[in-house]
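Spelled out, the chains give:
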Amino acid sequence: MNLEKLWIISAPDPETVLRISSALNISEAVAKLIVARGYSTPEEALEFINADFDLLENPFKICDMEKAVVRLRMAVDRKEKVFVAGDRDTDGVTSTTLLVNLLHFIGIKAGWKVPTPADGYGLSLPAVDAAVAFGSSLIVTVDCGIRDFAGIDYAREKGIDVVVIDHHEAAATLPAAWAIVDPKRGDCAYPFKGLSACGVAFKFAQAYLMAEDKEFFGKKMVVFDTETTGMRPDKDEIIEIAAIKSRNGVEISRFESFIKPEHPVPKSLTEIHGISDRMLASAPPAADVIAKFLDFAGDATLVAHKASFDTNFLKETAKRCLGRKVNNPVIDTLTEARSQFPGTDHSLGALSTRFNFKHDVKHRAMADVAATFLLYKKIVGVRNARLQSFLKNQLDLVALSTLADVVPLQHENRVLVKRGLEALRRSTRPGIAALRDALVRGETLSAKDVAWSIVPVVNSAGRMGRADVAARLLMAASAEEAAPLVAELSAMNVERKQRVKTNMEAVVAMLEETFDPDVDVLALALVKNLEHGVTGILANRIVNDVGRPTVILIDDESGVCAGTTRSIEGFDITAALEKIAHLTERFGGHAGAAGLAVRTDKIPEFKEALSEIIRREVSPELLKPRLRIDAEIRPEDVGGKILDELAMLEPTGHGNEAPIFCVRGVEVTEARRMGDSSQHLKLILRGSGGSDAASIEAVAWNVHKDRLPSVGDRLDVAFGVERNEWRGRVRVQCLIEDYRTAVML
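Structural notes, computed from the coordinates.

A count of helices and strands for the protein chain gives 25 helices and 23 strands. In terms of overall size, the protein chain behaves like a compact globule, its C-alpha atoms giving a radius of gyration of 30 Å where 745 residues would be expected to give roughly 27 Å. Relative to its full complement of 745 residues, the protein chain shows a buried share of 54%. When contacts within the protein chain are restricted to residue pairs at least 6 apart in sequence, long-range pairs at least 24 apart make up 67% of them. Of the roughly 33200 Å² of accessible surface on the protein chain, a fraction of 50% belongs to carbon and sulfur atoms.

Rendered as structure tokens:
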């Protein structure tokens, strides 16, 4: 089923590459990779490389987050029992575990359930019945719920409130839950939509523990700053005032204005803040601006850096111009910073530099406000020891889920996985430690190790109908409890591999009969005796092979065929299914993947309708298997230094793929088969320049018998680079993704 791939070679701007290469002291080859990922300045590149914890967004930006937190706080106050209803895959069991951990941490008795094959997907009626039997008055769904209208209505009939924590696409109408926390809600402005369900659960835990800060939670705050004509509030004047109003740290609105002074601005101060009399000539008077500012602030807490200076000027000006008193509560970030960050320069400029806040324009009101706003955000996080402790102890679960659910390793996910891999390496959680020690060799642990070695074993539980085994492993309290569960999962994974092999053969046989790559824009396989738990794996493989949206359905002769879909870049499969929902029994998922069920007699109509949408919305070029190549390099660029530099890009995966390079016109100096069935290929490739030219050693896995190049052939080769360590010796190993006869330019 493998089709010829279309090579898409990135061509980053050479000047930008040189600028980043020079600023970061890295090779141009790796600078090309960074620029190809969309980072055009050294500052952006460093932010990407460092993936600092401060890049995490405020969780209260997610719709309904405050409502969900309030409901859980009610449960604590009322001593209610809370029931967690999760899903069966790795994302589902990790997020279930994280929420159970949170509930125990805050003193709530928690029950939980992940579905069996008989339950179906989502918040099932058996899950609600289990919550009733547990005596729960609140269900928290995770990795499900956003489309579970029947389950939520059934829970309400039983007198149980439901809080939904999900990351799947929402329908046009939302279910009648108490709160629905899902960044993909149509009305949610959260800046990053790519979190796993466990990632959203992590944000919920972050929000709940932030809410334990009584000074912060539920409070409106106005971070403000003034620029003045001097240092004495009784004699000098405010000439600029700016502010950001927020609730729970989420910006609501801004205020900014010049003020026309009664006396000229001293030239010495103009040299500091840049505000001149000419700039203030048409500004409104203090009475007008301060009146509007006080209305803007209302009774909110005022926050400023060196607050006594700004509040004294504000109070004196309000009294002099308006005859009004200012009695708002005040928080001084300078005092807080001295407490939380001892032994450093606590000026706003110094703290901005230390914490990499953007603060380019010093001594201007809005620039200072923006920096103070970020500083207060950092202070709120650092001073909350329970928040810091709990979240850091859950990062191993979040990293595992994020890598398993193939969500983009960008923005928050990059931070969570980079920090989560560190947590996985040293985790003392008995279940994680048992998985790591049983499945990963050596002391290092990469994203690839997790995705290839640990995730399939955890996923096998759900695919074999025993997701509870994986959940119990992650919740295990001791190594003795974890050991037999790891053994059980490993046995399931062996069986799963065999089933995948058998089922893949059946799907490929079906598609070889029914799929015509010259005509069909959709690969659809309807197969009997297929295992439900492996359809996703099979669909992924077919998409990679044929480059078309793929649907795999299981015909169990019930009249309704359930299965899964996987899509290609640029085509939202769930949005497409929304348009033909009348031809499905149910569906739900992401832009790139969805589960669905279709009546057997509707499948031909369904196939044609979905194919028509694809023809209408996807260009023919996108319907070819694609290989994205990050940079064209020379054989001599492939050296030991590149391994250390490539480590800066980790973790790699979906959305931050492991880099693919290409070399052009290299000569094959050695070619031989390897492996038990001679299915693999090893090549020695030499650059142009004769016998003295640099050579690279490369291997290719599972190469068709007709694709063995000959010595002397000239090839263009696309490959990834890995560290190969054997008996203490480290060398570069090139893994071939594709090769073709050289295109001579």
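Let us keep going from here.
The strand order across the open sheet formed by five strands is 12-13-14-16-15, and the pairing between neighbours is mixed. The open sheet has two edge strands, strand 12 (523-528) and strand 15 (586-589), and neither has a second partner. Within this sheet the neighbouring strands show an average axis-to-axis angle of 15 degrees, counted without direction.

Next up on the list: the packing of aromatic side chains. All chains considered together, the criterion is met by 13 aromatic pairs. Taking the centre distance of 6.4 Å and the plane angle of 35 degrees together, the rings of Phe293 and Phe296 count as tilted. Here the residue Phe293 and the residue Phe296 both occupy positions in helix 11 (residues 286-297), the gap between them amounting to three residues, near one helical turn. Look at Phe661 and Phe719: their rings are 6.2 Å apart centre to centre, the planes differ by 40 degrees, and that puts the pair in the tilted class. Of this pair, Phe661 sits in strand 19 (residues 661-674) while Phe719 sits in strand 22 (residues 714-726), placing them 58 residues apart in sequence. Counting every residue linked through ring pairs, the aromatic cluster contains Phe224, Phe255, Phe293 and Phe296. Over the ring of Trp178 we find Arg71, and its NZ or CZ is 5.4 Å from the ring centre. Sitting over the ring of Trp7, Arg740 keeps its end group 3.9 Å from the ring centre.

With that out of the way, let us pick up unusual backbone geometry. Here the bond from Glu650 into Pro651 is cis, since omega is 0 degrees, no more than 30 degrees from zero. Positive phi outside glycine occurs at Glu557, with the angle close to 65 degrees. Its place among the elements puts Glu557 in the loop between strand 13 (550-555) and strand 14 (560-566). For Glu557, a relative accessible area of 63% translates into the label exposed.

Moving on, we come to the pattern of salt bridges. Considering all chains together, one arrives at 43 salt bridges under this definition. Among the salt bridges present, the one from Asp213 reaches Arg383, with a minimum N-O distance of 2.9 Å. Of this pair, Asp213 sits in the loop between helix 8 (197-210) and strand 7 (220-228) while Arg383 sits in the loop between helix 15 (365-382) and helix 16 (385-404), placing them 170 residues apart in sequence. Residue class for Asp213 comes out buried when judged on its relative accessible area of 11%. Salt-bridge contacts for Lys528 lead to Glu557; the nearest nitrogen and oxygen are separated by 3.3 Å. Taken as a pair, Lys528 in strand 12 and Glu557 in the loop between strand 13 and strand 14 lie far apart in primary sequence, 29 residues in all. Connected through shared salt-bridge partners, Asp64, Lys67, Arg185 and Asp187 make up one network.

Rules behind the numbers
Residues numbered from 1 in each chain as written. Predicted model: local features only at pLDDT ≥ 70, side-chain atom pairs only at ≥ 80, totals over all residues. Heavy atoms only, no water. Helix = DSSP H or I, 4+ residues; strand = E, 2+ residues; numbered from the N terminus. Rg over C-alpha atoms; globule rule 2.2 N^0.38 Å. Buried < 20%, exposed > 50% of the residue type's maximum accessible area, 1.4 Å probe, protein only. Contact = heavy atoms within 4.5 Å. Areas by Shrake-Rupley, 256 points an atom, 1.4 Å probe, with all protein chains shown as cover. Pairing = 2+ DSSP bridges. Axes fitted to C-alpha atoms, helices over the stretch in contact; angles between N-to-C directions. Phe/Tyr/Trp six-rings, centres within 6.5 Å; stacked < 30°, edge-to-face > 60°. Lys NZ or Arg CZ within 6 Å of the ring centre and 35° of its normal. Salt bridge = Lys/Arg side-chain N within 4 Å of Asp/Glu carboxyl O.

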